[in-house]
Each structure stands twice: as structure tokens, then as C-alpha cells.
Amino acid sequence: MDMMALATLGVAAALCAVVVRQKTPELAALLGLAACALLLWNTLPMLETIRDVLKELAALAELSPTVLRPMVQTVGLAVVTKLASSLCRDAGEGGVASFLEVAGSAAAVLVALPLLKMVLQLVQELL
């Protein structure tokens, strides 16, 4: 599926959820979750392509997987944090969403620390 089809699916699901929410909010939430699952399922091939290209670029640049792993993990954490906090906000739990964003930021820094250590070691070797 291309992005226009995914966007159309997302907007259509959101509009249906708005209409259904007036009579049965539970069904609207279920519709939203089903749309999210369908969108994620159709996004997986794109993510696999990105992974393959990153592996190819890493091989061309002769980069170790230990260099790319923190970057990819940080991006993954950002996406998961954004999705989870948006779901919390939609459920009316803004406080939980805010703390979830703080936890996601802390996890991203934690994942990036090995990369920072490698950069500092490289700088020390150059000096």
C-alpha cells in the first residue's frame, strides 16, 4: 500500500469512529484499534525495506552493527513513545501521556549512551 492509501484508510477510520462514538464509545475504541493494527500491518513492509537498506549502507561504509543499533533503537523508541502517548491522550490521560514521554526520552538517552562512549573513545584516540 502506498502512503495515500494508508492516509485514506486512517482518515476514513477516524471519521467512522467519530460517528460511532456518539452511540457506542466502546465500539469506536475497538474500531480505532483495528485501524491501527491494519495500518501497522501495512507499514511493516516499508520498515523491512528500511532495515535492508540500512544493512546495505552499513556494509558499504564498513560500519559495525554496534554503531547503527543505538540509532535504530532510538528511532524505534521515539515512534513507540509517540504512539503510546497519543493513545493515552486520546483516552483522556494527559498526565500518563506526559510521564510516558519522559520515560521514552530517558530510554532513548540510555540506548544512545554506548554510541556516545564510542564517540568519546574515538576523540581520545585522535588526541
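That block above? That's the structure.
No experiment lies behind these values; they were computed from the predicted model shown.

J.: What is the right way to read the environment of Leu-39 from this model?
T.: Here Leu-39 shows up in helix H2 (residues 25–61). When the C-alpha positions of Leu-39 and Leu-83 are compared, they lie 12 Å apart, and in sequence the two are 44 residues distant. Those residues within four positions of Leu-39 in sequence are excluded, and the remaining contacts are Leu-6, Leu-9 and Gly-10.

J.: What exactly am I supposed to notice about the state of the cysteines here?
T.: When the sulfur atoms of two cysteines share a covalent bond, that bond is a disulfide. Evaluation of the coordinates by the stated rule reveals 0 disulfides. With no disulfide partner, Cys-16 has as its closest neighbouring cysteine sulfur the one in Cys-36, 14 Å distant. When its relative accessible area of 42% is taken as the criterion, Cys-16 is described as partly exposed. Not engaged in a disulfide, the cysteine Cys-36 finds its nearest cysteine sulfur in Cys-88; these two sulfurs lie 13 Å apart.

J.: Which parts of the structure should I look at to understand a nonpolar patch on the surface?
T.: On the surface, a cluster of nonpolar side chains totalling about 530 Å² of accessible area is made up of Leu-40, Trp-41, Leu-44, Leu-47 and Ile-50. Tracing the backbone through its elements, the reader meets Ile-50 in helix H2.

J.: For this particular structure, what's the right way to read the packing of helix H3 (residues 65–90) against helix H4 (residues 94–126)?
T.: How two helices sit against one another is set out by the angle between their axes and by the gap between those axes. Packing of H3 against H4 leaves a shortest axis separation of 9 Å and a crossing angle of 180°. Taken together, the axes of H3 and H4 lie roughly antiparallel to each other. Classifying every residue of the contact of H3 with H4 by side-chain character gives 14 nonpolar, 8 polar and 2 charged.

Rules of the game
- Residues numbered from 1 in each chain as written.
- Predicted model: local features only at pLDDT ≥ 70, side-chain atom pairs only at ≥ 80, totals over all residues.
- Heavy atoms only, no water.
- Helix = DSSP H or I, 4+ residues; strand = E, 2+ residues; numbered from the N terminus.
- Contact = heavy atoms within 4.5 Å.
- Disulfide = S-S within 2.5 Å.
- Buried < 20%, exposed > 50% of the residue type's maximum accessible area, 1.4 Å probe, protein only.
- Patch = residues over 30% accessible without salt bridge, like charges linked within 9 Å, V, L, I, M, F, W, Y side chains within 5 Å.
- Areas by Shrake-Rupley, 256 points an atom, 1.4 Å probe, with all protein chains shown as cover.
- Salt bridge = Lys/Arg side-chain N within 4 Å of Asp/Glu carboxyl O.
- Axes fitted to C-alpha atoms, helices over the stretch in contact; angles between N-to-C directions.
- Parallel < 35°, antiparallel > 145°, perpendicular 65-115°, else oblique.
- Nonpolar A, V, L, I, M, F, W, Y, C, P; charged D, E, K, R; others polar.

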